[in-house]
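# Secondary and tertiary structure notes
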Amino acid sequence: MSKRIWIIGGSTGIGLELVKNYLTNNDSVVVSSRSAVNSGELNELQIFYAKKLVLINIDVSNTSSVINVTKEAWNAFSGIDLCIYNAGIYESMQVDGWNIEYFEQMMQTNYLGGVRITNALAPLFLENGEGSLAFNISVASYFGLPYASGYSAPKAALLNFCESIQPEFKEKNIDVQVINHGFVKTRLTVKNKFWMPQLLEPETAADIIFEKLEYSKNFEIKFPFILSSFLHLLRVLPYKISLYFTSKVLRC
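Let us look at the structure shown here. (Residues numbered from 1 in each chain as written. Predicted model: local features only at pLDDT ≥ 70, side-chain atom pairs only at ≥ 80, totals over all residues. Heavy atoms only, no water.)

Attention now moves to the nonpolar core. Ranked by size, the top nonpolar core spans 39 residues in total, and within it W6 and I8 carry the most contacts. Residue assignment for this core shows that the elements contributing at least two residues are β1 (4-8), α3 (63-76), β4 (82-85), α4 (100-128), β5 (131-136), α5 (149-171), β6 (174-181) and α7 (225-234). The biggest single contributor to this core is α5, with six residues. With 28 residues, the next largest nonpolar core counts L200, A205, A206 and I221 among its residues. (Core = buried A, V, L, I, M, F, W, Y, C linked by side-chain atoms within 4.5 Å. Buried < 20%, exposed > 50% of the residue type's maximum accessible area, 1.4 Å probe, protein only. Helix = DSSP H or I, 4+ residues; strand = E, 2+ residues; numbered from the N terminus.)

To summarise the sheet geometry, strands pair through backbone hydrogen bonds and adopt either a parallel or an antiparallel arrangement. The seven strands are arranged β3-β2-β1-β4-β5-β6-β7 in an open sheet whose pairing can be described as parallel. Each edge of the open sheet is held by one strand with a lone partner, namely β3 (53-57) and β7 (220-223). For this sheet, the mean angle separating the axes of adjacent strands, direction not counted, is 15°. As paired strands, β4 and β5 are joined by four bridges and run parallel to one another. For I84, the partnering residue across the bridge sits in β5 and is A134. Lying over the sheet, helix α1 (residues 13-24) contacts β1, β2 (28-33), β3, β4, β5 and β6, oriented at roughly 170° with respect to β1. Sitting on the sheet, α5 is in contact with β5 and β6, with an inclination near 155° to β6. (Pairing = 2+ DSSP bridges. Axes fitted to C-alpha atoms, helices over the stretch in contact; angles between N-to-C directions. Contact = heavy atoms within 4.5 Å.)

Here it is, written out as structure tokens:
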């Protein structure tokens, strides 16, 4: 049975590959990003999927934009079955080169944008009696990593937010899932100057996410196994040990 999917942050990388997966699966897809309407690749897809693909620009840092676009996305196919929040920005910073504007931008997009979407979409799901929310977060949410202070913190906040709302939403027949994945070759990770273990292609990551969202109701989807398991372990180890391991990043 075909579904109605809203992908926020679907112009490039994992988001774009997810769009392709859902269209191939004969689902109806709404794609939103800052420049969805102007995306060459999305417009090419729309030629082949004219009745299945709708493009709507959104600014997740603007509450009015989120409220208006949520209504438009909902009306595009008379409802939404699954919303995937994939919006994210990343700036690597060292302590002697911090930029407060980068911190603010990452908090607005990587955390508060997800909260705004949830706030706007939840009443529609509640009225409809069901719905699903999936948040593409990161294994960086497990533990603060060097050079990623502005990125890890809002990702951790979004994970904590999802943990908080999942029990209440479940009682209302609304599914909440989080996706914590490792390094993926995108326009964001190309900024990294350090070694990225188990680096994945966006097509591979999207295939895993698509399959897991399709067939699993587990709260967390995490991959690749070795990297995600190691960083998850850092959460429970004594700080003396975990900070010793993360300090090794400074020498990579």
